[in-house]
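Structural characterization, general
Here is what each chain is made of, one letter per residue.
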Amino acid sequence: MKYSAVGTVVADTSSAEKIVESLSKVAVHGAPFDSHVWGPPHKRECLDGTRTRILEEIETTLQASNSTLIWLSGSPGIGKSAIAHTIASRLKDKSRLAGTFFFSRKHGDMPGMASLDFFAPTLAYQISNSEHLAKDDVVRAIRSDPAILDPRKPLADQIRELLVKPLQNLRVSWGHSESKVLVIDAIDACKERIRELILCLSNFLRQPRIPHLHIVITSRPLYTIDDAFEAIGSEQSIHHIALDDVDVAEAHKDLCLFFEHALERSYRNHGLEYHELGPEDEIIRCLADRANGRFGTASTMMRFLETRHDDDEVSYDIDEKLNIMKDPGDAYLHPTQIFCFYEFIIKASENPTRAYQHLSTVVNLAEPLAIFYLQKLLGSSESDLLSILVSLSPTVNVPADDSRAVEVLHMKSLREFLSHHSSSSSSRASQLLAQSSLRMMKNSFMRQSGLKDELQRMVAKIIIEAGPQSDLQSDNILIIFLELCLAQSCSKTVRATAWYHEYMRSGAGAPCSAPSRAQPCDMSEDISKARLALQDFRAKYEFRDLHVFDLLAKLQALPEMLFILILLAIRHTHPSASHHIGCIDESLSSRMPPAFINFMRYVWKGTEQSLNSSTALKHACQYWSVYLSQAPMNVDGYLCNYLRAFWQDKLLSWFERQWYLEGLESCTAILNIAQTIDFKLKL
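Residues numbered from 1 in each chain as written. Predicted model: local features only at pLDDT ≥ 70, side-chain atom pairs only at ≥ 80, totals over all residues. Heavy atoms only, no water.

**Here we look at the environment of Ala-355**
Locating Ala-355 in the fold gives a position in helix α16 (residues 352-363). Along the backbone, Ala-355 and Leu-392 are 37 residues apart, and their C-alpha atoms lie at a distance of 7.8 Å. Among residues more than four places away in sequence, those in contact with Ala-355 are Ile-346, Ser-349, Ile-388 and Leu-392. (Helix = DSSP H or I, 4+ residues; strand = E, 2+ residues; numbered from the N terminus. Contact = heavy atoms within 4.5 Å.)

This is how it looks when you write it as structure tokens:
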């Protein structure tokens, strides 16, 4: 093997033996399914009696007369690799295996295990070792182009020269046997080159004069692969099996069988008498529940059970280990035992350093988030979040349905463990969540808020139109507004009407009755609480010139009836609580100041936009100040500068959205926390 001045891989073509030696040097020897890096067969393959329906479906499809690409997809840890290993082993026993390439993030330190750099040469090396005719053609291809092994060569060219042409000469020798199969596991490890690989593999199957061939690939569910298959446009030659859609009861049954066999083996390895447990045993069912449908998680749990600990501080028997996996919060367990379990799970993950970070982030969330929204909140920098959290499944529950919240199984003990591991882990997680929240709001608020201007415009025009009878005029507007609400049969106004009856008893205003059919309902913003929150709110002196604090000061100075009218208008224009603002009855709208109607239209549009926001953005709006108050602002200059810019530029936009979503009381509570944060650098 030689390298040119620019580092190009160039094969030694001085003899056929040297060419084969050059090919062997670039082949990824850890990629075949039976490589020692994957461990013994009983640990890498499906347990007998499990995954039977999936295996039967794959084997049936492999009998198809036309060349087929089988895509087995599923979330991390669900057992894709075990199925791929099992299929490859069975095919090898039947002399139907053409070659295998098992990608691996965990073995990413081994060259080529997580990239396409030597994908084609590795398969060519395997085929040439088993087929003499193919070997001669591979040698000729390398002699013709000594740089064909270089990873910078187009993958399509490498596949054509190293695989397609050699296989075309095997058509006769393979023609009298069953179809051959290539098995390729975890193609999502290729990251940005997945689409290229899919297109090349599909084109590979379409080549004329190659022997009857199938390809089995596995990956996580990815839109990139969906898009690639759509671009291919050959649905008849693609068979998709989604493991996440497999019947839950079937998966749980398989996991129970797995734990039944694994526990028997573990007890015997420890020299203990095994009392036979059936699949319905409480221990087995509990362990299967903890595995959450993922065989990778179940394997990790059993490795913990079988591992012998030499640390004198950790003393427990196999039953105590089972209790830890069932419930880390068991009061009979010592913290050292629980922490040992957490440490084992983290070190077994694909990236322990990132595992600590992601676990700290989830534990420090103000409220649980689904993985989809958590990824959206944290951004592209946390692209490995799903795979790592899944590898921590005995401690956190990541539902296959990415719209359901990630559940921390025992919050108290995990927080103690993380604080014991690193006193700053909580602060770093809060910094990340604070920075992510600010970034999401900054990117989502594309316009400056017009709420302050709209309110000022409305108030000024109403006062001008009312003249010296401004208090009476605002009362009249309230009556007309309530009539409008009742005319539209908006159930949200019942509370407003009830409140108005109370107000009317004090001697002001005129009675306004609700329809008898209307039923009481809970308004999302209680008027008395909003008034009290505004009354008690105090802005720090240095912030009073900012738009938000100036707006709050103006609201505090408004006549009571006008302020209440604004509160009711904002709730009434909530799209989920009323008709479209364009449906206002002309006879009623003509009696209202146009500025008030315009304000209602403005609020309706803003509220609709807020309601359509993602859960991640709503979470950021609600908790950014909480995360900031927990983060060490004095040591993170970047976060401090980001906050200062947000405070000046986007705070009013945030205030408007939060008011529409959660009410004025929520806004003032969040601002009270935000004002306690030490900016260090003056505004």
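**Description of the packing of aromatic side chains**
Tallying each qualifying case throughout the model produces 25 aromatic pairs. Between Phe-549 and Trp-647 the ring centres are 6.0 Å apart and the planes differ by 40°, which places this aromatic pair in the tilted class. Pair noted here: Phe-549 is in helix α25 (residues 547-557) and Trp-647 is in helix α30 (residues 637-649), with a separation of 98 residues, a long-range link. Judged by its relative accessible area of 1%, Trp-647 is buried. Cluster of aromatic residues (ring-pair linked, three or more members): Phe-537, Phe-543, Phe-549, Trp-624, Phe-646, Trp-647, Trp-654, Phe-655 and Trp-659. Positioned above the aromatic ring of Phe-304, the side-chain terminus of Lys-321 is 5.0 Å from the ring centre. (Phe/Tyr/Trp six-rings, centres within 6.5 Å; stacked < 30°, edge-to-face > 60°. Buried < 20%, exposed > 50% of the residue type's maximum accessible area, 1.4 Å probe, protein only. Lys NZ or Arg CZ within 6 Å of the ring centre and 35° of its normal.)

**What to know about the nonpolar core**
Among the nonpolar cores identified, the biggest contains 119 residues, and Trp-624, Trp-654, Phe-655 and Trp-659 are the most heavily contacted of them. Of all the elements, helix α26 (residues 560-572) adds the most residues to this core, at 9 residues. Setting aside anything within four residues of it in sequence, one finds Trp-624 in contact with Ser-437, Leu-438, Met-441, Leu-643, Phe-646, Trp-647, Leu-651, Trp-654, Ile-670 and Ala-674. In terms of nonpolar packing, the next biggest core, distinct from the first, is built from 83 residues, Val-164, Leu-167, Trp-174 and Leu-205 among them. (Core = buried A, V, L, I, M, F, W, Y, C linked by side-chain atoms within 4.5 Å.)

**Here's the deal with helix α20 (residues 425-444)**
Under the 1.5 Å per step criterion, the end-to-end length of α20 is 28 Å for 20 residues, consistent within 8% with the ideal 28 Å. Within α20 the residues assigned to the buried category are Ser-425, Ala-429, Ser-430, Gln-431, Leu-433, Ala-434, Ser-436, Ser-437, Leu-438, Met-440 and Met-441. (Expected span 1.5 Å × (residues − 1).)

**What to know about the pattern of salt bridges**
According to the stated counting rule, one finds 23 salt bridges in the structure shown. Between Arg-160 and Asp-157 there is a salt bridge, with its nearest N and O atoms 3.1 Å apart. With Arg-160 and Asp-157 both in helix α7 (residues 155-168) and 3 residues apart, the pair spans about one turn of that helix. Of the charged contacts in the structure, one is a salt bridge between Lys-165 and Glu-161, with a shortest N-O distance of 3.1 Å. With Lys-165 and Glu-161 both in helix α7 and 4 residues apart, this pair spans about one turn of that helix. Overlapping salt bridges, with partners in common, bring together Asp-157, Arg-160, Glu-161 and Lys-165 in one network. (Salt bridge = Lys/Arg side-chain N within 4 Å of Asp/Glu carboxyl O.)

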